[in-house]
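# A look at the structure
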Amino acid sequence: MSVRTLCLAILNFGDATGYEIRKLSTEGRYSYFVDASFGSIYPALARLEADGLVTVREEAQSGKPSRKIYSITGAGRAAFIQALSETPGPDTFRSPFLLVAMCADLVGADTIRAAIDHRLQNLHDELAKLDGIAQECAHEPTNFILDYGRHCIRQDIAFLTENRARIETLDPASASALPAAAE
């Protein structure tokens, strides 16, 4: 799924400024779907406008530059539905924590303990964020994905809590080589 599709998704639920779209896609409710950087949102919006999939109107602000409000068009909604109809690619997951865990036998118990504690805190914070969104949400498909996300996070928390000793107690002196990487 592309940043372009993500922008259409946000606009499908209501008009928004570029700033609001950027904030929602990098920090907010839509940050879970596509890796959208600050620098990718505005070019995507410009392409969507050029393709007639969104419209933009300027709204004057007192003492500030005008702000641009984006709206999805009928063609944009059709393109969005078409994009949703395509089989999604595999989910991607990257974790700096997992790199530390993979090298647990090199860094020692204190480093691993701190990394696990930090990861658990991040998971608890993310769970609280999803719980907060769920309390305000009456949209059943969104509640489904919130429940899915909360389930995954709870499983991560349970796994780390139940299995942390497996890597916290490794002896750095017994570090073994990883299997050779496939070329």
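An account of the accompanying structure is given in this report.

### Some details on the packing of helix α1 (residues 3–12) against helix α4 (residues 74–85)
Taken N-terminus to C-terminus, the directions of α1 and α4 make an angle of 120 degrees; their axes are 10 Å apart at the nearest point. Regarding the angle of α1 to α4, the classification is oblique. Of the two possible hands of crossing, α1 and α4 adopt the one that is left-handed. Residues Thr5, Leu8, Ala9 and Asn12 of α1 touch α4, and the partners they reach there are Gly76, Arg77, Ala79, Phe80 and Ala83. For the contact of α1 with α4, the per-class residue count stands at five nonpolar, three polar and one charged.

### Thoughts on the environment of leucine 106
Along the chain, leucine 106 turns up in helix α6 (residues 104–107). When its relative accessible area of 59% is taken as the criterion, leucine 106 is described as exposed. The spatial distance from the C-alpha of leucine 106 to the C-alpha of aspartate 171 is 8.4 Å, given a sequence separation of 65 residues.

### Regarding the nonpolar core
Inside soluble globular proteins, nonpolar side chains tend to come together where they are buried. Ranked by size, the top nonpolar core spans 21 residues in total, and within it Cys7, Leu11, Ile21 and Leu45 carry the most contacts. In terms of residues, this core owes the most to one element, α1, which gives seven residues. Apart from residues no more than four positions distant in its own chain, isoleucine 21 is found in contact with Cys7, Ile10, Leu11, Ala16, Ile41, Leu45 and Tyr70. Within the second largest apolar cluster, 17 residues are counted, among which are Ala101, Cys137, Leu146 and Leu160.

Definitions and cut-offs
- Residues numbered from 1 in each chain as written.
- Predicted model: local features only at pLDDT ≥ 70, side-chain atom pairs only at ≥ 80, totals over all residues.
- Heavy atoms only, no water.
- Axes fitted to C-alpha atoms, helices over the stretch in contact; angles between N-to-C directions.
- Helix = DSSP H or I, 4+ residues; strand = E, 2+ residues; numbered from the N terminus.
- Parallel < 35°, antiparallel > 145°, perpendicular 65-115°, else oblique.
- Left-handed = near helix turned anticlockwise from the far one by under 90°.
- Contact = heavy atoms within 4.5 Å.
- Nonpolar A, V, L, I, M, F, W, Y, C, P; charged D, E, K, R; others polar.
- Buried < 20%, exposed > 50% of the residue type's maximum accessible area, 1.4 Å probe, protein only.
- Core = buried A, V, L, I, M, F, W, Y, C linked by side-chain atoms within 4.5 Å.

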